Amino acid sequence: MLSIQNLHVSIEGKPILKGISLEVKPGEIHAIMGPNGSGKSTLATVLAGRDLFEVTEGKITYMGKDLTEMAPEDRAREGIFLGFQYPVEIPGVSIVNFMKTAVNEQRKYRGKEPLSASDFLKFMREKKDLVEFDSQLTNRSVNEGFSGGEKKKNEIFQMAMLNPRLSILDETDSGLDIDALRIVARGVNKLRSKDNATIVITHYQRLLDYIIPDYVHVLYDGKIVRSSGKELAMELEEKGYDWIRQEYAGNGR
Amino acid sequence: MHYPMNTMIQNQETEKLLRETFTKNRDTIERFSADLMNRRRKEALEHFMQEGIPGRKTESYKYTDMPGLFSPLLHMNLQPNHVHMDVKEIFQCDVPELDTHIIFLVNGFLPPNSTPLEELEGKVLVGSLAEAARRHPELLEKHYDRYTSLNPEGLVSLNTAFAQDGLFLYIPDGTKLERPIQVVNMSVWEDNLMIQQRNLFILGKNSAASLIICDHTLAPWRFLNNAVTEIFLDEQARFDLSRVQNENNSSQHISHTFARQETASTMTSNTITLHGGLVRNNFYALLNGEHAENNTYGLYLSDRNQHIDNFSFIDHAAPNCTSNQLFKGVLDDQATGAFTGRIRVRQDAQKTMAYQSNNNILLTDEARINTKPQLEIYADDVKCSHGATVGQLDPAALFYLRSRGINYREARLMLMYAFAHDIISHIAVPPLRERIGDLVDKRLRGELSRCNACHINCGKLNY
Amino acid sequence: MEKEQDKLLREVTSGEYKYGFYTDIEMDTIPPGLSEEVIRKISLLKGEPGFMLDFRLKAFRHWQKMKMPGWAHLKIPEIDFNSIIYYAAPRKKKSPSNLDEVDPELLETFNKLGIPLDEQKRLTGVAVDAVMDSVSVKTTFRETLAELGIIFCSFSDAVREHPDLVKKYMGSVVPYTDNFFAALNSAVFSDGSFCYIPKGVRCPMELSTYFRINASNTGQFERTLIVAEEDSYVSYLEGCTAPMRDENQLHAAIVEIVAMKGAEVKYSTVQNWYPGDKLGRGGIYNFVTKRGICRGERAKISWTQVETGSAITWKYPSCILQGDYSVGEFYSVAVTNNFQQADTGTKMIHIGKNTKSTVVSKGISAGKSNNSYRGLVKVLKNAQNARNFSQCDSLLLGDRCGAHTFPHLEVDNQSAIVEHEATTSRIGEDQIFYCNQRGISTEDAIGLIVNGYVREVINKLPMEFAVEAQKLLQISLEGSVG
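Predicted model, so just to flag it, every value in this text is computed and none were measured. (Residues numbered from 1 in each chain as written. Chains lettered and ligands numbered in written order. Predicted model: local features only at pLDDT ≥ 70, side-chain atom pairs only at ≥ 80, totals over all residues. Heavy atoms only, no water.)

### Quick word on the overall build of chain C
And step 1. A tally of helices and strands in chain C yields 11 helices and 23 strands.
And step 2. Residues classed as buried in chain C amount to 63% of the 482 residues present.
And step 3. Contacts in chain C between residues far apart in sequence, at least 24 positions, make up 83% of those at least 6 positions apart. (Helix = DSSP H or I, 4+ residues; strand = E, 2+ residues; numbered from the N terminus. Buried < 20%, exposed > 50% of the residue type's maximum accessible area, 1.4 Å probe, protein only. Contact = heavy atoms within 4.5 Å.)

Shown next, in the form of structure tokens:
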């Protein structure tokens, strides 16, 4: 589904990602872990197409298509979803209007008729229930005045609405208490199927107790330094990241 | 700064020409008007000659070329025009499903074939100022030309010298008008035209009303409207004023609005400038009694070579008053804009709460904005603040929307609309709020209703 | 520590203008009045080269065509420019090359002001150019600085010794046509300081100029020029006082700063001219044009000012950000009490790409004074990615004073982000009560709160100056609490 080959990315001439390769197949869950500043969020954001970053080398293919030149909205319509680490507040844009526009844009892209207002509301209610999203919130402006937990739940709610093939969850666990974490994880698990895949980016192993990954990759200094099964997460939790620093700091370049 | 001398000379000549126009047509002007209006003309003209048309050296007109507007001098409309068209037919598309009492004004006059002064429920009077001056001199004697002293500039005196008609509204003590009144100001002529409209709204004690003013041009000519509106709010009166300015790109509109507010009165005005060649709106409010509240809001959306300049001055003369000024603008293409907001808190106006904000979005490198929020404060126990920003659409928000599959254009529109929504949400009448919301949305999309009342689709300008 | 505090308190409670004395000293003056003749005479007295006289005369002819600016929020009484003495200098035989040649009365004057000119007694970190009335009395540490190639001397010495530099840069930032007072200064200025930092040199000590008006009936017109070559650094301080007199005296100065690529100039002022008495009699009219230009990439100019003195202040230290990535800063505390009037602020002109400016202004008004912030942030068409943030706060102490804010934002480039915020408030009764409840007197509470309020700006001052400035603030606000 997703194939990243030797990806190099810079921001304002400064290299952040220095040769990443990764294969993701339908039905899989990949966890990407690593210390702060290792490039995790950059990877997520590049996959979603933010033009702040420059791909200097390498290739990203998704469903057989080259992603590198694709506009962010087209990536979204192709089924890529990014759950933001820091969802932005957009005063004045209501969630209902926002999601209605997004869902219908996706339908249009796929050659479907737009949903009528009543069908849309029904559809939205279903998804809200599915991911346990507070009804009151959908009447408000996007993320405006939301608590950290509410913002993350809103991300999962949008994920449910857009039904992506590939979800990238960037530090979705940060700033969540244990109850909110459970709700978010439950939402992700409910939305899982054999046809879609998930990349979970996290600093801590905690989230992976609830979303069980098939593969765990450790990102350090812009490179994947280790890949293994879910047991790697446990190892990281136990030993921290220092041993990676020691092991790779010198010879990794 | 230095200005070429010829501007000054030209300027003086313009003023002399206006004086000549007055002297030559004095009989015509005065024949139509009541004595109490005529009595003020001479002094006003003298004052105008003394003050002149404000040039760029005048700090408050620094960013807008006023002398340029009056040169060459346009023909002035000195009597009501018969307009042979069904105005209601023309206008119906613009405000559907809005239950209002509609009044039409053509080139600043009530057309001769309409009822000059109507009496509505609760002894409310609405109609022609000229007619009101004839029939109710006691009301005008008390209120006409009493509130312009908040800013006695030349252009206001020019209006007083020439003013003949405009809208008159009187809400007696204790009357609360349920249905909004809607005024449609139309400019229509076979040539360029100068208009000196004069409005007067009197709200008695504990009264309430809402008024919607729509400014339109119905022909592709240059219309220069130098309009003065005086508003008096007696104790505990409530007044909502919404104004939609939608005029052609060669039109020039100068509006001077003066409000005097007594104890515990509340005035809210929303001015939505959708189109206009050059627009200068002046808002003055004197908070003269305790616990008065003034909210002055404005939204301007401009593109091409439009120039929109808002000037707002709230004068706190009594303690415990509250004022809010919020102006927002989106400027596209080569549009230019200016904002000046001033809060003055006089020495005895303790416990004042005053707030002022101006936010602008520039969409292109050619668009330009000058903003001057000002505080002038002479009392210590006050809470006053102001802020101004100039920026772009938030790239993070734009990316967020796009990452959900919303295309670039749509995402931009959503953000612009959201930016504008702040102002729209302050409009008190719900159907009007929705309607204006629609208009703004269409305006931002560049598809303002294909309505006859809107010059955008007629004449030489292709949209 | 406690002792220090007691001392401060004592100073506060006895807080009168403590620099109001007058030194009886032999003076060379020319008669009052302003004409080409007077200007020729000043130039002659100073033994200037021809280009200086030309510059002065051009400026004078231009000035004659100008009018006093009326746009500021100030009530300025009519000034009779013909009743002012334009040149007054302590009499001396020749330029003092060492301290023994300086009149002991003069030395005593500066000692009393807390500015000992004896290098032995001075804190080694500061070099001083002491200016009394129209001329520079003594510049300390000249030789030490010269070893690094730094030129620090009086303007007159610079004209004599470095005419090329003066010719090249004088008037390049503030042309004589700039404004009424700049034109006047350019015509009649008598002395001032000159400072040149060569390429790559970080000036190891604070340079400072101390201005003193002593003679009566005179105007003070000094001129400072600072040139910082590529990648150099200098921190510059300016202080000023004057005797207490019932008459008003005019001070119209010019400061020009040129910062080349990568250079940084920090200019700090503690302005304490005589503010007039409690009834508004006397005091200095302080009409000053200060401007710096960041000529090259990554140049930085930072203005910090603490304005407590003068009857009327009209002053807008500004930055022209011409070089890409150049930075302008303005940090200001302006205090007005009794009948003082201040109209002060800054201009930030963004010309280069990625230029950045910060404005922090804290106004404090007490008594019957009026205090205005006036600012301009201008982003020119090609100034891509310009950033400005301005924060202008006003604090009112008492209900008979005024605090005003007049920012101008002119933006001509869509990639700019310009933000202005301002608030006006007074010290909350709850804040004072809270302090009272903890055993702090109301007077002290206000001192504490005011100090907290201005901290952001005071912190930008060099250490020594910061302490001085804090004391000054308290003294200025003395008796403002009702």
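### Quick word on the interface of chain A and chain B
And step 1. On the side of chain B, 19 residues touch chain A, which itself brings 30 residues to the contact.
And step 2. Linking chain A with chain B are 2 salt bridges, by the criterion used here.
And step 3. Two residues, A:Glu73 and B:Arg402, come together in a salt bridge whose shortest N-O distance is 2.5 Å.
And step 4. Inspection of the region where chain A meets chain B yields 10 residue pairs in polar contact (both at pLDDT 80 or more).
And step 5. Elements supplying a minimum of two residues to the side of chain A that touches chain B: helix H1 (40–48), helix H2 (72–77), strand E6 (80–83), strand E7 (90–94), helix H3 (95–109) and helix H5 (148–162) of chain A.
And step 6. The residue makeup of the side of chain A that touches chain B, split by class, is 18 nonpolar, 7 polar and 5 charged. (Salt bridge = Lys/Arg side-chain N within 4 Å of Asp/Glu carboxyl O. Polar contact = N/O pair within 3.5 Å; in protein donor to acceptor, adjacent residues only side chain to side chain. Nonpolar A, V, L, I, M, F, W, Y, C, P; charged D, E, K, R; others polar.)

### A closer look at the sheet that holds strand E10 (residues 197–202) of chain A
Sheet strands pair via backbone hydrogen bonds, and the direction of the pair is either parallel or antiparallel.
Residues and elements named next belong to chain A.
And step 1. The mixed open sheet is built from 6 strands, whose spatial order is E6-E9-E10-E3-E11-E12. Either end of the sheet is taken by a strand with one partner, and the two such strands are E6 and strand E12 (223–228). For this sheet, the mean angle separating the axes of adjacent strands, direction not counted, is 20°.
And step 2. Of the pairings in the sheet, the one linking strand E11 (residues 215–220) to E12 comprises 5 bridges and is antiparallel in character. Each residue of the ladder has a partner; that of His-217, found in E12, is Ser-227. (Pairing = 2+ DSSP bridges. Axes fitted to C-alpha atoms, helices over the stretch in contact; angles between N-to-C directions.)

### Description of the nonpolar core
And step 1. If you look at the biggest cluster of nonpolar residues, it comprises 115 residues, and the most contacted ones within it are A:Leu166 and B:Val440.
And step 2. A total of 10 residues in this core trace back to one element, the largest contributor, which is helix H10 (residues 408–424) of chain B.
And step 3. In contact with A:Leu166, other than residues within four places in its own chain, are A:Met1, A:Leu2, A:Val24, A:Tyr62, A:Gly79, A:Ile80, A:Phe81, A:Ala197 and A:Ile199.
And step 4. C:Tyr87, C:Ala183, C:Leu250 and C:Leu376 belong to the second-largest nonpolar core, a separate cluster that totals 56 residues. (Core = buried A, V, L, I, M, F, W, Y, C linked by side-chain atoms within 4.5 Å.)

### Quick look at the interface of chain C and chain B
Interface size is commonly expressed as the accessible surface area that is lost when the partners come together.
And step 1. Opposite the 34 residues of chain C that make contact, chain B presents 38 residues.
And step 2. In total, about 2,800 Å² of surface goes out of reach between chain C and chain B, with carbon and sulfur atoms giving 44% of it.
And step 3. Viewed at the interface, chain B and chain C are joined by 3 salt bridges.
And step 4. Viewed at the interface, chain B and chain C are joined by 22 residue pairs in polar contact (both at pLDDT 80 or more).
And step 5. Of all the elements in the fold, those that place two or more residues in the side of chain C that touches chain B are strand E22 (402–411) and strand E23 (417–426) of chain C.
And step 6. Per-class residue counts for the side of chain C that touches chain B are 11 nonpolar, 15 polar and 8 charged.
And step 7. As judged from the 6 bridges shared by strand E19 (residues 368–377) of chain B and E22(C), these two strands associate in the antiparallel manner. Bridge pairing links B:Asn370 to C:Glu410 in E22(C). (Buried area = accessible area lost by both parts, 1.4 Å probe.)

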